[in-house]
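The chain contents come next:
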Protein chains: 2
Amino acid sequence: MPTLGDRVQAMVERFRDLLSREGYRVTPQRLAIYEALIASPRHPSAEELYEQVSRRFPMISPATVYNTLQLLVKMGLASELGFSGETRYDGNPHVHVNVLCSHCKRIFDIEEDLAAEIFERVRAKSNFVLYGQRHEFFGVCPECQARGVLNGSVQREAQAAGRSAAD
Amino acid sequence: MPTLGDRVQAMVERFRDLLSREGYRVTPQRLAIYEALIASPRHPSAEELYEQVSRRFPMISPATVYNTLQLLVKMGLASELGFSGETRYDGNPHVHVNVLCSHCKRIFDIEEDLAAEIFERVRAKSNFVLYGQRHEFFGVCPECQARGVLNGSVQREAQAAGRSAAD
DNA sequence: GTTACTGCAAATCTTTTGCAGAAGA
DNA sequence: TCTTCTGCAAAAGATTTGCAGTAAC
């Protein structure tokens with residue numbers, strides 16, 4: 001069975017091929033940034049990726065990280081998550097939804113077939129040519145719930161959101 | 001039949017009640033910002049709301065606009081859209097999806113029952129206490145298509161996104 | 001009369017830009 | 001060799017903060 005490291009290596013290899021096939025240059029910085037993105041379950045921000053890649057490339061600049069992330073988005077290998085101030089990046093290539101815990105700030109991926117179905121319906125209803133989608137949910141994760149994070153006010157908000165979401 | 005203005009007035013009235021019921025102060029600035037938000041079909045940015053409300057309240061400050069928008073989000077009366085750099089705000093109280101035209105930057109609301117269904121499924125699968133959701137699509141609107149905006153590269157991207165969204 | 005809210009100015013933080021030099025193809 | 005890409009430094013935006021005065025309750 002392939003390890004996580006094997007899967008990451010295979011994806012980096014595909015990225016390398018895609019780069020040269022599309023006429024982009026294969027640079028160690030680009031490979032390292034992509035690898036850091038897909039190896040992280042954390043949906044890192046540009047800042048976090050910069051910090052991590054800096055360990056291997058101490059001279060790298062934030063501009064390169066931002067450039068590469070834009071390229072990845074353009075190539076369809078990453079998507080931007082608009083949660084809370086700073087943009088975070090998602091290298092998961094499958095259609096899925098993102099769920100953010102507003103307490104611990106972790107983001108979880110959930111596979112959900114309905115996302116693909118919504119995509120088709122929106123295309124049909126809107127007559128847009130669509131090239132991207134993003135499904136984001138906000139809440140409190142089970143671990144934080146267990147730690148008693150939910151105070152009265154958040155609970156009220158959660159109930160209100162549930163109602164309006166179901167109405 | 002109620003006019004758009006009537007509907008806006010009714011919503012502002014409800015906002016006023018909600019403010020005082022929850023112990024917040026009813027200020028003319030808050031009412032004006034909320035009114036500007038829901039009267040605009042444009043999903044305005046904080047900057048745009050500031051500019052518009054400034055016409056009626058020349059002394060208003062950006063900080064007040066940001067404060068009020070945060071309050072509206074907290075109360076569930078508005079949601080943030082994470083499209084492209086600046087945050088834009090959506091005062092539509094119904095469950096819906098947002099579709100952004102990457103060319104003209106307009107955002108369209110599309111009513112979609114599946115959004116409520118996804119909410120329930122994500123809640124069940126994640127065991128989160130959920131209090132918000134956001135469904136965003138990117139593409140090119142019919143008008144911009146008709147104006148010939150779609151060049152080769154965007155078309156390729158759109159086709160690629162369609163494939164990955166359907167796989 | 002209290003206390004929350006506003007306006008102002010400065011600060012902070014993220015992201016972008018312009019340019020000279022380095023390094024892929 | 002020819003561009004593209006990188007690193008750097010500065011700039012540009014968006015949003016937040018601290019504080020004194022104002023106004024809602």
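Conventions adopted
- Residues numbered from 1 in each chain as written.
- Chains lettered and ligands numbered in written order.
- Predicted model: local features only at pLDDT ≥ 70, side-chain atom pairs only at ≥ 80, totals over all residues.
- Heavy atoms only, no water.
- Contact = heavy atoms within 4.5 Å.
- Buried area = accessible area lost by both parts, 1.4 Å probe.
- Salt bridge = Lys/Arg side-chain N within 4 Å of Asp/Glu carboxyl O.
- Helix = DSSP H or I, 4+ residues; strand = E, 2+ residues; numbered from the N terminus.
- Near = heavy atom within 4 Å.
- Polar contact = N/O pair within 3.5 Å; in protein donor to acceptor, adjacent residues only side chain to side chain.
- Phe/Tyr/Trp six-rings, centres within 6.5 Å; stacked < 30°, edge-to-face > 60°.
- Buried < 20%, exposed > 50% of the residue type's maximum accessible area, 1.4 Å probe, protein only.
- Expected span 1.5 Å × (residues − 1).
- Arc of directions from axis to C-beta.
- Nonpolar A, V, L, I, M, F, W, Y, C, P; charged D, E, K, R; others polar.
- Least-squares fit on C-alpha atoms with pLDDT ≥ 70 in both.
- Pairing = 2+ DSSP bridges.

## Some thoughts on the interface of chain A and chain B
Taken together, the 48 residues of chain A in the interface contact 48 residues of chain B. Contact between chain A and chain B buries roughly 4,700 Å² in total, counting both sides, with carbon and sulfur atoms accounting for 65%. One can count six salt bridges joining chain A with chain B. Only strand 3 (96-101), strand 4 (107-111), helix 5 (113-126), strand 5 (129-140), helix 6 (142-146) and helix 7 (152-166) of chain A provide two or more residues apiece to the side of chain A that touches chain B.

## Details of the protein's contact with DNA strand C
Close contacts around DNA strand C come from 18 residues, with Val26 and Tyr66 of chain A together with Arg25, Thr27 and Gln29 of chain B the closest. At the protein interface, 73% of the atoms of DNA strand C within 4 Å belong to sugar or phosphate. Taking Val26 of chain A, its main chain carries an N or O atom lying 2.8 Å from a phosphate oxygen of DNA strand C. The separation between a phosphate oxygen of DNA strand C and a polar main-chain atom of Met59 of chain B is 3.0 Å. Of all the secondary structure elements, the ones that give two or more residues to the surface near DNA strand C are helix 4 (62-75) of chain A together with helix 2 (28-39) and helix 4 (62-75) of chain B. When residues of the surface near DNA strand C are assigned to their parent elements, the largest contribution, three residues, is made by helix 4 of chain A.

## Looking at the packing of aromatic side chains
As enumerated under the stated definition, the model contains six aromatic pairs over all chains in all. Between Phe119 of chain A and Phe137 of chain B, the ring centres sit 6.0 Å apart and the planes meet at 45°, which makes this aromatic pair tilted. One end of the pair, Phe119 of chain A, is in helix 5; the other, Phe137 of chain B, is in strand 5 (residues 129-140), on a second chain. We note that Phe119 of chain A, like Phe137 of chain B, is buried. Ring geometry for Phe128 of chain A against Phe108 of chain B: centres 5.6 Å apart, planes inclined by 80°, an arrangement best described as edge-to-face. Of this pair, Phe128 of chain A sits in the loop between helix 5 and strand 5 while Phe108 of chain B sits in strand 4 (residues 107-111), each in a different chain. Assessed through its relative accessible area of 5%, Phe128 of chain A is described here as buried.

## Description of helix 2 of chain B
Residues and elements named next belong to chain B. Given a rise of 1.5 Å per residue, twelve residues ought to cover 16 Å, and the 16 Å separating the end C-alpha atoms of helix 2 matches this to within 8%. All of the buried residues in helix 2 are Leu31, Ala32, Ile33, Tyr34, Ala36, Leu37 and Ile38. Elements that come into contact with the buried residues of helix 2 comprise helix 1 (4-21), helix 3 (46-56), helix 4 and strand 2 (88-90).

## Describing helix 4 of chain A
Residue and element names in this part refer to chain A. In this model, helix 4 (14 residues) spans 20 Å end to end at C-alpha, consistent with the 20 Å of a helix rising 1.5 Å per residue. Turning to helix 4, its buried residues are Val65, Thr68, Leu69, Leu71, Leu72 and Met75. Seen from one end, helix 4 has its buried residues packed into an arc of 160°, which puts them on one side. Those residues of helix 4 hidden inside the fold are in contact with helix 1 (4-21), helix 2 (28-39), helix 3 (46-56) and strand 2 (88-90). With its phi angle positive at about 85°, Gly76 sits one or two positions after the end of helix 4.

## Describing the protein's contact with DNA strand D
Close contacts around DNA strand D come from 18 residues, with Arg25, Thr27 and Gln29 of chain A together with Val26 and Tyr66 of chain B the closest. Taking the atoms of DNA strand D that fall within 4 Å of the protein, sugar and phosphate contribute 74% of them. Within the backbone of Met59 of chain A, an N or O atom sits 3.0 Å from a phosphate oxygen of DNA strand D. Between DNA strand D and Thr64 of chain A there is a distance of 3.0 Å, counted from a phosphate oxygen to a side-chain nitrogen or oxygen. Listed by contribution, the elements that provide at least two residues to the surface near DNA strand D are helix 2 and helix 4 of chain A together with helix 4 of chain B. It is helix 4 of chain B that contributes the most residues to the surface near DNA strand D, three residues altogether. Of the residues that constitute the surface near DNA strand D, the class distribution is eight nonpolar, six polar and four charged.

## With respect to the relation of the copies chain A and chain B
Under the fitted operation, chain A is carried onto chain B by 0.0 Å of movement along the axis and a turn of 180°, and the coordinates agree to an RMSD of 0.1 Å. Classification of the inter-copy transformation places it as that of a two-fold axis. Interface overlap between copies: 100% of the residues of chain A at the interface are likewise at the interface in chain B, consistent with a symmetric, same-surface contact.

## Examining the side chain of Arg134 of chain B
Examined against the element boundaries, Arg134 of chain B turns out to sit in strand 5. Arg134 of chain B sits in the buried class, given a relative accessible area of 6%. Within the structure, the side chain of Arg134 of chain B is placed 3.1 Å from the backbone oxygen of Gly82 of chain A, a separation counted as a polar contact. Only 2.9 Å separates the side chain of Arg134 of chain B from the backbone oxygen of Glu80 of chain B, close enough to count as a polar contact. Here Arg134 of chain B is in contact with Gly82, Phe83, Arg134, His135, Glu136 and Phe138 of chain A together with Glu80, Leu81 and Gly82 of chain B, once residues within four sequence places are set aside.

## Structural notes on the pairing of strand 4 of chain A
All names here are of chain A. The pairing of strand 3 with strand 4 spans five bridges and is classified as antiparallel. Within the sheet, the bridge partner assigned to Asn98 lies in strand 4 and is Asp109. Remark: five residues form the turn of the hairpin made by strand 3 and strand 4, two consecutive strands paired antiparallel; Lys105 in that turn has positive phi of roughly 70°.

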